[in-house]
Amino acid sequence: MLKQGAKTGGVTAPAITPTSTTTPGARGWRDYALLLALACCWSSTYPLTKIGLGSIPPVTFISARSLVAALFLLVVLWIRGIRIPTDIKAWKLFAFQQTINSTIPFLVITWAQLYVPASSTVVLASTTPIFAFLITWAITRHEPASPLKFVGAILGLAGTVAIIGLDALSGFGKEIVAEIAILLATVSFACATIFGLRLSDYDPMVVAAGSLLFGGTVLLPVALIVDHPWTLHPTPQALVATVVMGIFSSAFGLMLFYMCLTRLGTLTTNAQGYLRIPIGVALSVILLGESVPSNLALGLLLVMAGVAAMTIPGEAVKRWLGRLRG
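Being a predicted model, the structure only gives us computed values, none of them experimental.

Visitor: Can you walk me through the confidence of the model for the protein in this structure?
Guide: Taken as a whole, the protein shows an average pLDDT of 78; of its residues, 79% reach a score of 70 or greater. Below a pLDDT of 50 lies the segment residues 1–23, which in the model reaches 63 contacts outside its immediate sequence neighbourhood of four places, other chains included.

Visitor: Which parts of the structure should I look at to understand the pattern of salt bridges?
Guide: Opposite charge on two side chains lets them pair, provided their charged atoms get close. According to the stated counting rule, one finds two salt bridges in the structure shown. As a salt-bridge pair, arginine 263 and aspartate 31 come within 3.2 Å of each other at their nearest N and O atoms. One end of the pair, arginine 263, is in helix H11 (residues 236–270); the other, aspartate 31, is in helix H1 (residues 29–43), and 232 residues separate them in sequence. The class for aspartate 31 is buried, based on a relative accessible area of 9%.

Visitor: Explanation requested: a nonpolar patch on the surface in the structure shown.
Guide: Together, Trp111, Leu114, Tyr115, Ile176, Val177, Ile180 and Leu184 make up a nonpolar patch on the protein surface, roughly 730 Å² of accessible area in all. By residue number, the principal contributor to the nonpolar patch is helix H9 (residues 176–195), which donates four residues. By the element assignment, isoleucine 176 lies in helix H9.

Visitor: Which parts of the structure should I look at to understand the environment of valine 307?
Guide: Take valine 307: it is sitting in helix H13 (residues 296–311). Sequence-wise, valine 307 and glycine 156 are 151 residues apart; in three dimensions their C-alpha atoms are separated by 6.6 Å.

Basis of the calculations
- Residues numbered from 1 in each chain as written.
- Predicted model: local features only at pLDDT ≥ 70, side-chain atom pairs only at ≥ 80, totals over all residues.
- Heavy atoms only, no water.
- pLDDT = per-residue confidence, 0-100.
- Contact = heavy atoms within 4.5 Å.
- Salt bridge = Lys/Arg side-chain N within 4 Å of Asp/Glu carboxyl O.
- Helix = DSSP H or I, 4+ residues; strand = E, 2+ residues; numbered from the N terminus.
- Buried < 20%, exposed > 50% of the residue type's maximum accessible area, 1.4 Å probe, protein only.
- Patch = residues over 30% accessible without salt bridge, like charges linked within 9 Å, V, L, I, M, F, W, Y side chains within 5 Å.
- Areas by Shrake-Rupley, 256 points an atom, 1.4 Å probe, with all protein chains shown as cover.

Structure (structure tokens):
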């Protein structure tokens, strides 16, 4: 169970204790539809980032998309008549969540990609569900970490490798510092999915707006000093990619992320990381004209098997096995 923690602006933020277990309620098809929608939102980051970074530096791009997303959500919240919390405790939660879920890992991975091929980066970044499982099983124990979920995480990683190609493994070890940095970034992602449960008493749109506003504002001075954005000449395609990514990937994506955390728990929510790979490949083919990997079918089967193992309740699996034996 979640232990009640300190109140933040009239809302009590639950605190995860090492001995607690968080078991989401009964899951329906709408919950899994949200998971698929989240995967679609975040998988669009692959082609959109490639388009945006063509003429916009990384720090400016990340700051701009975050501020666009925050502004969009603030307008929607204003229309809905919902106010952003103003107490310091709430903003500490938003700031910490954004730091470990976006700001630090995105900057680290962006730097690492200067030395690590994109294919290897995708494989390394896909280890998030495994780290989430290990942290849940060994430390937080806030929800059941069954062997079936661990098998699912491994199958999903194998499917990712199959889709990207075995060539992605051949370069491992050549840029060990950058590769370790990517793995640390994925650990940060995994911790963020667990810490995000502390924000479950807030409206997901409020959490997304507050987090994105903090992240974009923090990076803005850095962008002004390092990139001198007033001297840039971004292409129309890059500007469109920034706005679309801000609204679709960041605003809707982060909102769906917190909805999935509340409804499905951390381990199942992390399964969308594997769904993003085949969806991202498909979008890259459609939007960028890239070729279809020859081993996409095998990888997709492994990914779907892994996602199924991580999302289907253990009780349902036992019932199916019982019927087969009977």
